[in-house]
Amino acid sequence: MENFLDKCYKRLEAGAREYGDRSFYKGSDALVEEIKEEAYDVANWAAVMSCTGINPEAELILKTVANKAQEIADILEKSRHAGLFDDRKVPEIGTPGLAVSASDWLTKNLSG
């Protein structure tokens, strides 16, 4: 069974095939919004799943998932307003190895 990191790699590769490296050239504000939109989707999917009358333990797990998604969105917004992403250097178009850099970052920063 694939672990979370392996699934991240596959999605990163699929995105690179489908969209190229355009995401690397987006500004920080746009990327923060992209991440927040994904967090909204996570909370929404948890809500959809919980509406089917699941058991109390599953309900608690989904509530935790939705709250973590809200936490992610809130942290990103506060960090953006604090200027923490202002010094991000957007690479020049055509910079090689960007997907590899993202994979390396995931390897370094995600626990297995």
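Just above sits the structure.
Everything in this summary refers to the structure shown in the same document. Bear in mind the structure is a predicted one, so any value in this text is a computation, not a measurement.

## Quick word on helix H3 (residues 56-81)
Moving on, step 1. Counted at 1.5 Å a residue, the expected span for H3 with its 26 residues is 38 Å, and the 37 Å between its end C-alpha atoms agrees.
Moving on, step 2. Those residues of H3 not exposed but buried are Leu62, Ala69, Ala73, Leu76, Glu77, Ser79 and Arg80.
Moving on, step 3. Close packing links the buried residues of H3 with helix H2 (28-50).
Moving on, step 4. Of the residues that open H3, the one with a side-chain oxygen 3.0 Å from the backbone nitrogen of glutamate 57 is asparagine 55.

## Quick notes on the pattern of salt bridges
Moving on, step 1. In this structure the tally under the stated criterion is 7 salt bridges.
Moving on, step 2. Ionic pairing is found between lysine 36 and glutamate 33, a salt bridge with its closest N-O pair at 3.2 Å. Here lysine 36 pairs with glutamate 33, and both are found in helix H2, just 3 residues apart, close to one helical turn.
Moving on, step 3. Looking at glutamate 33, the relative accessible area reads 29%, which means it is partly exposed.
Moving on, step 4. The closest approach of N and O atoms between glutamate 77 and lysine 36, which form a salt bridge, is 2.6 Å. In this pair, glutamate 77 is assigned in helix H3 and lysine 36 in helix H2, connecting sequence segments 41 residues apart. Judged on exposure class, the residue glutamate 77 and its partner lysine 36 are both buried.
Moving on, step 5. Several salt bridges share partner residues, and in doing so they unite Asp29, Glu33, Lys36, Glu77 and Arg80 into one network.

Reading the values: the criteria
- All residue numbers here refer to positions counted from 1 along the written sequence of the relevant chain.
- This being a predicted model, a pLDDT of at least 70 is required before a residue's local features are given, and a value of 80 or more before pairs of side-chain atoms are given or counted; all residues contribute to the totals for chains, interfaces and linings.
- Computation of side-chain values: all heavy atoms of the structure, hydrogens and water removed.
- Only DSSP runs of H or I covering at least 4 residues are called helices, and only runs of E covering at least 2 are called strands; the numbering of each starts at the N terminus.
- Here a helix's expected span is defined as the number of its residues, less one, multiplied by 1.5 Å.
- For every residue, the accessible area obtained with a 1.4 Å probe (protein chains only) is divided by the maximum for its type, and the residue is called buried under 20%, exposed over 50%, and partly exposed between those limits.
- Contacts are assigned to residue pairs that have any heavy atoms within 4.5 Å of one another.
- What qualifies as a polar contact is a pair of N or O atoms within 3.5 Å, subject to a donor-acceptor requirement within protein and to the restriction that residues adjacent in sequence count only when both atoms come from side chains.
- We count a salt bridge whenever a side-chain nitrogen from Lys or Arg sits within 4 Å of a carboxyl oxygen from Asp or Glu.

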